[in-house]
Structure formats: C-alpha cells, structure tokens
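Each chain, written out:
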Amino acid sequence: MGVTPKIAPSMLSSDFANLASEAKRMLDFGADWLHMDIMDGHFVPNLTIGAPVIESLRKHTKAYLDCHLMVANPIDYVEPMGKAGASGFTFHVEISKDNWQELIQRIKSKGMRPGVALKPGTPIEEVYPLVDSENPVEMVLVMTVEPGFGGQKFMPEMMDKVRVLRKKYPSLDIEVDGGLGPSTIDMAASAGANCIVAGSSVFGAPEPAAVISLMRKSVLENQEKC
Ligand code: DX5
Ligand code: ZN
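Only a predicted model underlies this, so the values are computations on that prediction, with no experimental measurement involved.

The rules behind the values
Residues numbered from 1 in each chain as written. Chains lettered and ligands numbered in written order. Predicted model: local features only at pLDDT ≥ 70, side-chain atom pairs only at ≥ 80, totals over all residues. Heavy atoms only, no water. Phe/Tyr/Trp six-rings, centres within 6.5 Å; stacked < 30°, edge-to-face > 60°. Helix = DSSP H or I, 4+ residues; strand = E, 2+ residues; numbered from the N terminus. Buried < 20%, exposed > 50% of the residue type's maximum accessible area, 1.4 Å probe, protein only. Lys NZ or Arg CZ within 6 Å of the ring centre and 35° of its normal. Arc of directions from axis to C-beta. Contact = heavy atoms within 4.5 Å. UniProt positions renumbered as here; feature names shortened; annotations may be inferred. 1 Å grid on protein atoms, 1.4 Å probe; cavity = no way out; pocket = protein on both sides within 12 Å on 5 of 7 lines; lining within 4 Å. Near = heavy atom within 4 Å. Polar contact = N/O pair within 3.5 Å; in protein donor to acceptor, adjacent residues only side chain to side chain. Areas by Shrake-Rupley, 256 points an atom, 1.4 Å probe, with all protein chains shown as cover. Sits in = over half its atoms within 2 Å of the grid points. Nonpolar A, V, L, I, M, F, W, Y, C, P; charged D, E, K, R; others polar. Points joined across faces, edges and corners; volume = space filled by probe spheres on them.

Engineer: Is there a simple way to explain the packing of aromatic side chains in this structure?
Structural biologist: Any two aromatic rings considered together are summarised by their centre-to-centre distance and by the angle between their planes. By the definition in use, this model includes two aromatic pairs. Considering the side-chain rings of Trp33 and Tyr64, the 4.4 Å spacing of their centres and the 20° angle between planes classify their relative orientation as stacked. Note that Trp33 is positioned in strand β2 (residues 33-39) and Tyr64 in strand β3 (residues 64-70), a separation of 31 residues in sequence. You can call Trp33 buried: its relative accessible area is 5%. We note Lys119 situated over the ring of Phe43; from NZ or CZ to the ring centre the distance is 4.7 Å. In this arrangement the basic side chain of Lys168 is found over the ring face of Tyr128, its NZ or CZ atom lying 4.6 Å from the centre.

Quick look at the structure:
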C-alpha cells in the first residue's frame, strides 16, 4: 500500500492560549501533522479558530497544518487560509454539492492539498465523484463522531465506510477523526485508515508520545497484513 501513517493531534484539545508551544510539544512527541478544526458556529454548533490563528501559528512552525473546515461556506475560506499558510484544506461534502469542482481547483491554486470530509449520516458514495474526478481530492476524512466537539465517543459503525474506501482506492489518504485513541485505533487501522486525528486521547494522556507511537504502530502493523 502506498500510503504512510500520519498521526495528527487535534489542536482543539490544546491550550489555545499557548498554541505555539502546544504545537511544538506535539511535534516533539512525534506528531506528523497538526489537525486544526475551523468551525463557524453555523455548520456546527461551535466556534473555534479561523485564518488569523493559522497565520499566527504558521510563524512558529513549518509543520503540515491539516485544516478541517466545518463551515457553511468553505469557498470563502480558501483565499484567507491559503494566505495564512494552511497545508491541507478539507471541506465537507454536505455543503459542497454544487461547487466542489471549483473548490478543489481553487484550493490547489492556493498551494493547498484538497480533502473532503463526510459526517456520520452521509453515505460514502457521495465522495466517490470527488475522488474519481480528473482534478481529485487527495484525502477523504471519515468522521467517526458528529463534528463540532472533541471528547466524543468513537462510532465503530463508520468503519464500513473506511473499508469500502480502502478497497476501492488502495493509495488514497483516508483520515478518521473523532474518538480515536489506544482503545479504538486498531478498529480504524484494520479497516484501512492511515491518517489518524486524535485530540483528547493525546492531550489527556500522561505520556502523549506513547499514544502517538502506539497509533503509528497500529497503522503500520495493519498495513503489513494487507
Ligand atoms: C470534532 C473535530 C475533531 C476533534 C477530535 O468535530 O473535528 O478533530 O477535535 O477530538 P477527539 O479526538 O477528542 O474526539
Ligand atoms: Zn477535525
């Protein structure tokens, strides 16, 4: 399989007042990416950060900023997020049915990597056209909780989506987000996920480095079995 593990601590669980040092701490602990949850209070009932915070953080790190846009109008965020220094731009399929082609094109033109996310209630088939497109997304994010808040319970039934996706696209980056940690990683990794977002399980652990390395190991071991 041509995909590599990417462990992405969700900075939603960090101390936002010390974002730069929290980011550095996670990278020192072995994180591959930093997952940044952008919420607008409309698409989800929570409000977090936007481009100005990404821009501030970018001044402190060269890390891959994996931005998950839980916003009602992602197209309006492409330019500011690109300028701010976002690396990945993952939008939700539920609100992009009419303009995903334009979104992908604009995201790429701003030097970011396009991804598409889907909520638990959204059928996996809805993302196929975006992966099969001539100008495709480069990652699919399968939500394993309802988007909006950290610390929720992992939904194992979402693993069917990951399995069919992995079977159909052996070299696609498949990300899972919500409730991932030592007790759920094997379910996600054996289904075929390689990009692992984890907030509370990493930030709440006495030894975050151990949790990060355990999750990486699970992805690698499950890949070997394929
Ligand atoms: C939820 C966010 C997640 C969240 C994950 O809407 O997209 O990235 O921070 O947090 P945990 O790992 O605590 O479920
Ligand atoms: Zn997220």
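The structure having been displayed, the exposition proceeds.
Engineer: Where do I start with helix α6 (residues 159-168) in this structure?
Structural biologist: Every α-helix carries 3.6 residues per turn, so stepping three or four residues along brings you back to the same face. Those residues of α6 that sit buried are Met159, Lys161, Val162, Leu165 and Arg166. The arc that holds every buried residue of α6, seen down its axis, measures 150°, which confines them to one face. Elements in contact with the buried residues of α6: β5 (113-118), α5 (128-132), β6 (139-143), β7 (173-177) and α7 (185-191).

Engineer: What should I look at first to understand the UniProt feature "active site" (unreviewed entry) in the protein chain in this one?
Structural biologist: Under the present numbering, the feature "active site" (unreviewed entry) in UniProt falls on Asp37 and Asp177. Considering the C-alpha atoms alone, the annotated residues occupy 141 residues of sequence yet fold into one spot, their largest mutual distance being 10.6 Å. Within this annotated set, the largest pocket is lined by Asp37 and Asp177. In this structure, Asp37 sits in strand β2.

Engineer: Looking at this structure, how should I read the site of ligand 1?
Structural biologist: Looking at ligand 1, there are 20 residues lining it, with Ser10, Gly148, Asp177, Gly199 and Ser200 nearest. His68 is positioned with one of its side-chain polar atoms (N or O) 3.3 Å from an oxygen atom of ligand 1. Note that an oxygen atom of ligand 1 is positioned 2.8 Å from one of the backbone N or O atoms of Gly179. Taking 380 Å² as the accessible area of ligand 1 by itself, protein coverage stands at 100%. Of the pockets mapped on this structure, ligand 1 occupies the largest pocket. Taken together, the elements giving at least two residues each to the shell around ligand 1 come down to β2, β3 and β8 (195-198). By residue number, the principal contributor to the shell around ligand 1 is β2, which donates three residues. Per-class residue counts for the shell around ligand 1 are eight nonpolar, 10 polar and two charged.

Engineer: When you look at the layout of surface pockets in this model, what are you seeing that I'm missing?
Structural biologist: Any empty space left between atoms is shown by rolling a water-sized probe over those atoms. The calculated volume of the largest pocket comes to roughly 240 Å³. At the level of secondary structure, the elements contributing two or more residues to the lining of the largest pocket comprise β2, β8 and α8 (200-203).

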